[in-house]
2 protein chains.
Amino acid sequence: MKNANGYNESDIRKDYHNLTKLLIEKNMTITTMESATSGQIASLITDTEGSSAILKGAFITYCNEAKIMQGVPAEILDKYTVYSKETAEAMAKACAKTYNANIGIGVTGTMGNIDPANPDASVPGRVYFAIVTDGKVESYYVELEPQPTRLAYKLAVAKKVCDALMRQLENLDRA
Amino acid sequence: MKNANGYNESDIRKDYHNLTKLLIEKNMTITTMESATSGQIASLITDTEGSSAILKGAFITYCNEAKIMQGVPAEILDKYTVYSKETAEAMAKACAKTYNANIGIGVTGTMGNIDPANPDASVPGRVYFAIVTDGKVESYYVELEPQPTRLAYKLAVAKKVCDALMRQLENLDRA
């Protein structure tokens, strides 16, 4: 079944299978610090056998305090709000550092409802994510079409993250 | 579609919806430290709106080093192996402590293949999990029927965890 963005869940799962296989082949480790997606991306990565070679651990940071505890500077959250590319970048950097991973992914945004803890900064469907690859940071902003469920939002974000990372890995090969 | 244990994915998702609603109603916070399920349980909990009130953060610890970094005593892993009720209990306690949560869930086991990092201790489909509720620990051991995919294993474990926690919450009411 396709969701509102025309994504198909089984295609997203296949994309992650290919991503995990590629990372194992390249011997590149990966980790995540996930707010909006809340572990869904890490779980997609580890749905493929052999993933323990590339993912050692990851974080779900569902509030500001958790992000700070796991290495996001409080000043970044204060200055840019939790929903910002700066916060996504700090999340990606922090998890990559903790796990000494080649790739760190940070995801922050709203999954279809106003965040009661951040009413001014949250807009449904707006998601920021960042990918740190061997120290180089790329950040992304996406606005998602309304989705039928929070799972569908999570999978739609996961698809964007996978596509962006795959493009980065292709560019690495060309460099 | 039912999996090999007779579970139905949409029923599992409904069970987690009910669990999250109940925890919000009871104002009980929850966290997880997930190895085998790798964030799938935290993601199921946060598929329901309002879950940010009860889940502040969680851990995915996919290797021994990650478990130790997040508060599992190395001696527990050495003495009982990573696949043991003692390790599951230490995981549940460690995450509950970090997030000062009412409920902590620790999950460790194998999802259908021999763990190359723990060849002697791992048996496909054997999973240990523990639930700490307000300081009281209950641990569980399950042997799963062969499942078609790692996702199906994760969901089958998630179902067992949800059922066990729901029973605990019912007993709390009676006490």
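Residues numbered from 1 in each chain as written. Chains lettered and ligands numbered in written order. Predicted model: local features only at pLDDT ≥ 70, side-chain atom pairs only at ≥ 80, totals over all residues. Heavy atoms only, no water.

This part covers the nonpolar core. One broad trend across soluble globular proteins is that nonpolar side chains are buried collectively. Core analysis: the largest hydrophobic core is formed by 75 residues, its most contacted members being Tyr16 of chain A together with Tyr16 of chain B. Residues within four places of Tyr16 of chain B in sequence aside, it is in contact with Ile41, Leu44, Ile45, Ala158, Val161 and Cys162 of chain B. Judged by nonpolar contacts, the second largest core, of 38 residues, contains Cys95 and Ala101 of chain A together with Tyr83 and Tyr128 of chain B. (Core = buried A, V, L, I, M, F, W, Y, C linked by side-chain atoms within 4.5 Å. Buried < 20%, exposed > 50% of the residue type's maximum accessible area, 1.4 Å probe, protein only. Contact = heavy atoms within 4.5 Å.)

This paragraph deals with the environment of Ile24 of chain A. Residues and elements named next belong to chain A. Following the sequence through the fold, Ile24 ends up in helix H1 (residues 9-26). Accessibility expressed as a relative area gives 29% for Ile24, which makes it partly exposed. Counting along the chain gives 31 residues from Ile24 to Leu55, while the straight-line C-alpha distance between them is 9.7 Å. Setting aside residues up to four positions removed in sequence, Ile24 forms contacts with Glu49, Gly50, Ser51 and Ile54. (Helix = DSSP H or I, 4+ residues; strand = E, 2+ residues; numbered from the N terminus.)

Here we come to the packing of aromatic side chains. Under the defined criterion, the tally for this structure stands at seven aromatic pairs over all chains. Centroid distance Phe59 of chain A to Phe59 of chain B: 6.1 Å. Interplanar angle 70°. Geometry classified as edge-to-face. Here the residue Phe59 of chain A occupies a position in strand E2 (residues 57-61), and Phe59 of chain B occupies one in strand E2 (residues 57-61), the pair thus bridging two chains. Phe59 of chain B matches Phe59 of chain A in its accessibility class, with the two residues each being buried. Summarising the aromatic geometry, the rings of Phe59 of chain B and Tyr99 of chain B are spaced 5.6 Å apart at their centres and angled 35° between planes, so their arrangement reads as tilted. Of this pair, Phe59 of chain B sits in strand E2 while Tyr99 of chain B is found in the loop between helix H5 (85-98) and strand E3 (103-109), placing the two residues 40 residues apart along the sequence. Here the aromatic residues Phe59 and Tyr99 of chain A together with Phe59 and Tyr99 of chain B are joined through ring pairs into a cluster of three or more. (Phe/Tyr/Trp six-rings, centres within 6.5 Å; stacked < 30°, edge-to-face > 60°.)

Attention shifts here to the packing of H1 of chain A against helix H6 (residues 150-174) of chain A. Residues and elements named next belong to chain A. Running from N to C, H1 and H6 point in directions that differ by 35°, and their axes come no closer than 10 Å. Pair H1 / H6 crosses with left-handed handedness. In contact with Glu9, Ile12, Asp15, Tyr16, Asn18, Leu19, Leu22, Leu23 and Lys26 of H1, H6 contributes Leu155, Ala158, Lys159, Val161, Cys162, Asp163, Leu165, Met166, Leu169 and Asp173. (Axes fitted to C-alpha atoms, helices over the stretch in contact; angles between N-to-C directions. Left-handed = near helix turned anticlockwise from the far one by under 90°.)

Before going further, it helps to examine the environment of Thr32 of chain A. All names here are of chain A. Mapped onto the secondary structure, Thr32 falls in strand E1 (residues 30-34). With residues near it in sequence (within four places) discarded, Thr32 still touches Ile41, Ala42, Ile45, Ala58, Phe59, Cys95 and Ile105. A polar atom in the side chain of Thr32 sits 2.9 Å from the side chain of Glu34. (Polar contact = N/O pair within 3.5 Å; in protein donor to acceptor, adjacent residues only side chain to side chain.)

A separate point is the interface of chain A and chain B. Between chain A and chain B, the residue contacts involve 33 residues of the former and 32 residues of the latter. With both sides pooled, the region where chain A packs onto chain B buries about 2,600 Å², and carbon together with sulfur makes up 50% of that total. The largest share of the area that chain A buries against chain B comes from Ile60, Tyr62 and Arg150 of chain A, three residues that together contribute 21% of it. In this assembly, chain A and chain B are joined by 22 residue pairs in polar contact (both at pLDDT 80 or more). Breaking the side of chain A that touches chain B down by element, the ones donating at least two residues are helix H2 (40-45), E2, helix H3 (64-69) and H6 of chain A. (Buried area = accessible area lost by both parts, 1.4 Å probe.)

Okay, the sheet that holds strand E1 (residues 30-34) of chain B next. Taken in spatial order, the 10 strands make up an open sheet running E5(A)-E4(A)-E3(A)-E1(A)-E2(A)-E2(B)-E1(B)-E3(B)-E4(B)-E5(B), and their pairing is mixed. Every other strand in the sheet has two partners, leaving strand E5 (136-143) of chain A together with strand E5 (136-143) of chain B as the edge strands with one partner each. Taken pair by pair, the neighbouring strands of this sheet meet at an average axis angle of 15°, ignoring direction. Taken together, the five bridges between E2 of chain A and E2 of chain B define a ladder with antiparallel strand orientation. By the bridge assignment, Ile60 of chain A is partnered in E2 of chain B with Ala58 of chain B. Packed on one face of the sheet, H5 of chain B meets E1, E2, E3, strand E4 (126-133) and E5 of chain B and runs near 145° to E3 of chain B. (Pairing = 2+ DSSP bridges.)

These results come straight from atomic positions and should not be treated as a statement about function.
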